[in-house]
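Working through the structure, step by step
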Amino acid sequence: MKTSHRWLPATLAAFAVAAIPALAIAQAAWPDKPITLVVPYAAGGPTDVGARLIALPMGKSLGKPIIVENTVGAGGTLGTARVARAAPNGYTILMHHLGMSTAPALYKKLPFDPLKDFEYVGQVMDVPMTLLSRKDFPANNFAELLAYVRLNKEKVTIANAGPGAVSQLCGLLLEHQMGVTLTQVPYKGSAPALNDLMGGQVDLLCDQTTQTVPVVKDGSRVKVFGVTTAKRLPALPNVPTLDEQGLKGFEVLVWNGIYAPKGTPKPILDKLNDALRAAVQDDDVKKRLGELSVDLVPLNKATPASLRAQLEAESTRWSKTLRAAGVEAE
């Protein structure tokens, strides 16, 4: 006796049609539990500070809390890989800085592809950096600093928050444009690096204003030699840029964005983006970040298209810059 299978296509189609409303209902009900925002750097560091401030208004908009979790290690790639592997349901998302664009140039074997393994929610904020030294460092201005490091070279130590951190990238660019090789001292995060700088254990540090503005304004714990932006900062108007002091074209602005795993449904991405757009207009967040010379992005940058364009452009830029500086992927 022959069995006919002609019913199978019609039956499968019926199952598929029946599943569509259920999927739509699930996405409409999202979120129905807290969302995890992964920060691939240490608690208390610059990215963490910004993430915790932005998570509050985003969670308020979504009706569920956004919980920041620090997944630290491997130059930020551990936490990033965690999100790349997460279920694409909107409950695990990532906040990362410009290190997302430098990772391919720094690591030969990445467990993710920044341009292929994520969906884009939008840009969040731009953070300047400052060049600091321990309080008793021999130089008192940038000209003296430049002369001192060119004379002492590897004897001068420069701290960073670990491989792949923006403090390391800033230090590498400084070495390249100063024409010297310093001794890089990696830490597990920028907070311990800054603590050791203030304690006199290391000579220099290039760090983000979310950490450095308070200690610079204090005036008793560090020396400041310049900011890494094209223009002076409102929070530190008397601190000149490195560009105006002779490092022509030197600019490091730490842009940040929010990502979701590849395949996250568009309705969920749209809700995340709506929450982000509300958060970058939040007056309290603007005020608190503004005190640290951090700018929340305008609405035209808080979009998936803008973040993707930024990542593509910065990946090209940093690949060329790091290659010119003699940095090879490890």
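What you are looking at is a predicted structure, and each value in this text was computed from that prediction instead of being measured. (Residues numbered from 1 in each chain as written. Predicted model: local features only at pLDDT ≥ 70, side-chain atom pairs only at ≥ 80, totals over all residues. Heavy atoms only, no water.)

1. Notes on the overall build of the protein chain
Our working rule: Strands are runs of DSSP state E lasting at least 2 residues, helices are runs of H or I lasting at least 4, and numbering of each runs from the N terminus. Contact definition: two residues touch when any of their heavy atoms are within 4.5 Å. Surface accessibility in these figures is a Shrake-Rupley result with a 1.4 Å probe; residues are shielded only by whichever protein chains are displayed. When charges are counted, Lys and Arg are positive and Asp and Glu negative, with His and the chain ends excluded. By convention, charge coordinates are those of NZ in Lys, CZ in Arg, CG in Asp, or CD in Glu.
Counting secondary structure elements, the protein chain contains 11 helices and 11 strands. Taking the principal axes of its C-alpha atoms as reference, the protein chain extends roughly 95 × 45 × 30 Å. Taking all contacts inside the protein chain whose residues are at least 6 apart in sequence as the whole, residues at least 24 apart take part in 78%. Summed over its atoms, the accessible surface of the protein chain is roughly 14900 Å², and 57% of this surface lies on carbon and sulfur atoms. Side-chain charges in the protein chain split into 35 positive and 29 negative, and the spacing between the mean points of these groups amounts to 5 Å.

2. Points about the nonpolar core
For clarity, the cut-off: Buried Ala, Val, Leu, Ile, Met, Phe, Trp, Tyr and Cys residues that are joined via side-chain atoms within 4.5 Å together make up what is termed a nonpolar core. When a residue's accessible area, from a 1.4 Å probe over protein chains only, is under 20% of the maximum for its type it is buried; when over 50% it is exposed; and in between it is partly exposed.
Counting 100 residues, the largest nonpolar core has I54, L145 and L174 as the members making the most contacts within it. With seven residues, the single largest contributor to this core is helix α6 (residues 166–178). Look past the residues within four positions of I54 in its chain and what remains in contact with it is M95, V124, L276, A279, V280, V285 and L296.

3. Re the pairing of strand β10 (residues 254–261)
Sheet faces and side chains relate simply in a regular strand, where the side chains alternate between the two faces. Note the threshold: Any two strands are treated as partners once DSSP identifies two or more bridges connecting them.
Burial analysis of β10 places eight of its eight residues in the buried class, the great majority of the element. Both strand β4 (residues 118–127) and β10 contribute to a ladder of seven bridges, which runs antiparallel. Across the sheet, residue D126 finds its bridge partner in β10, namely W255.

4. Points about unusual backbone geometry
That bond from W30 to P31 is cis: its omega, -5°, falls within 30 degrees of zero. Assignment of secondary structure puts P31 in the loop between α1 (7–29) and β1 (35–39). The phi torsion at S293 lies on the positive side, around 60°, for a residue other than glycine. Position of S293 among the secondary structure elements: in the loop between α10 (283–290) and β11 (295–296).

5. What to know about the packing of aromatic side chains
Rule in force here: A pair of aromatic rings is counted whenever rings of Phe, Tyr or Trp (Trp by its six-membered ring) have centres within 6.5 Å, and the orientation is called stacked for planes under 30 degrees apart, edge-to-face for over 60 and tilted otherwise.
Evaluation of the coordinates by the stated rule reveals six aromatic pairs. With a centroid separation of 6.5 Å and 80° between ring planes, the pair formed by F137 and F225 is classed as edge-to-face. With F137 in the loop between β5 (129–134) and α5 (142–152) and F225 in strand β9 (residues 222–227), this pair connects stretches of sequence that are 88 residues apart. An identical accessibility class is assigned to F137 and F225; each is buried. Taken together, F112, F118, Y120 and Y259 form an aromatic cluster joined through their ring pairs.

6. Things to note about the environment of E244
Heads up, the condition is: Two N or O atoms form a polar contact when they lie within 3.5 Å of each other; inside protein one atom must be a possible hydrogen donor and the other a possible acceptor, and for residues adjacent in sequence the pair counts only when both atoms belong to side chains.
Looking at the secondary structure, you find E244 in the loop between β9 and β10. The spacing of E244 and R232 is 12 residues in sequence and 9.6 Å in space, taken between C-alpha atoms. Polar side-chain contacts of E244 include one of 2.8 Å to the side chain of R232.

7. Topic: the environment of I158
Mapping I158 onto the fold places it in strand β6 (residues 157–160). Separated by 70 residues in sequence, I158 and P88 have C-alpha atoms that sit 40 Å apart.

8. Focus on the pattern of salt bridges
Any two side chains of opposite charge can pair, given that their charged atoms come close. Threshold: The term salt bridge refers to a pairing of a side-chain nitrogen on Lys or Arg with a carboxyl oxygen on Asp or Glu at a separation within 4 Å.
One pass over the structure, following the stated rule, counts 10 salt bridges. Ionic pairing is found between R134 and D203, a salt bridge with its closest N-O pair at 2.7 Å. Taken together, the residues R134 in strand β5 and D203 in the loop between α7 (190–198) and β8 (204–208) connect sequence positions 69 residues apart. According to the relative accessible area criterion, R134 is buried, its value standing at 15%. Salt-bridge contacts for E312 lead to R308; the nearest nitrogen and oxygen are separated by 3.0 Å. In this pair, E312 and R308 both sit in helix α11 (residues 304–324), four residues apart, roughly one turn of the helix. It is possible to trace a salt-bridge network through shared partners that takes in R134, D136 and D203.

9. Observations concerning the sheet that holds β1
Sheet strands line up and pair through hydrogen bonds in the backbone, either parallel or antiparallel. Under the convention used in this document: Whenever a helix is involved, its axis is fitted only over the stretch in contact; in every case the axis is a line through C-alpha atoms, and angles between N-to-C directions fall within 0 to 180 degrees.
Taken together, six strands build an open sheet; the order of strands is β2-β1-β3-β10-β4-β11 and the sheet is mixed. Two strands lie at the open edges of the sheet, namely β2 (66–70) and β11, each paired on one side alone. Running at roughly 80° to strand β3 (residues 92–97), helix α4 (residues 99–106) makes contact with β3, β4 and β10 of the sheet.

10. Topic: the packing of helix α2 (residues 46–62) against helix α9 (residues 266–279)
Operational definition: An angle below 35 degrees is read as roughly parallel, one above 145 as roughly antiparallel, one from 65 to 115 as roughly perpendicular, and any other as oblique. We call a crossing left-handed when the near helix sits turned anticlockwise from the far one by less than a right angle, and right-handed when that turn is clockwise. Throughout, the ten residues Ala, Val, Leu, Ile, Met, Phe, Trp, Tyr, Cys and Pro are labelled nonpolar, Asp, Glu, Lys and Arg are labelled charged, and all others, Gly among them, are labelled polar.
Where α2 meets α9, the axes come as close as 8 Å, and the angle between the chain directions of the two elements is 125°. The orientation of α2 relative to α9 falls into the category oblique. Of the two elements, α2 crosses α9, and the hand of that crossing is right-handed. Residue-level contacts link I54, P57, M58, S61 and L62 of α2 to K271, L272, A275, L276, A278 and A279 of α9. In terms of residue class, the contact of α2 with α9 is made up of nine nonpolar, one polar and one charged.

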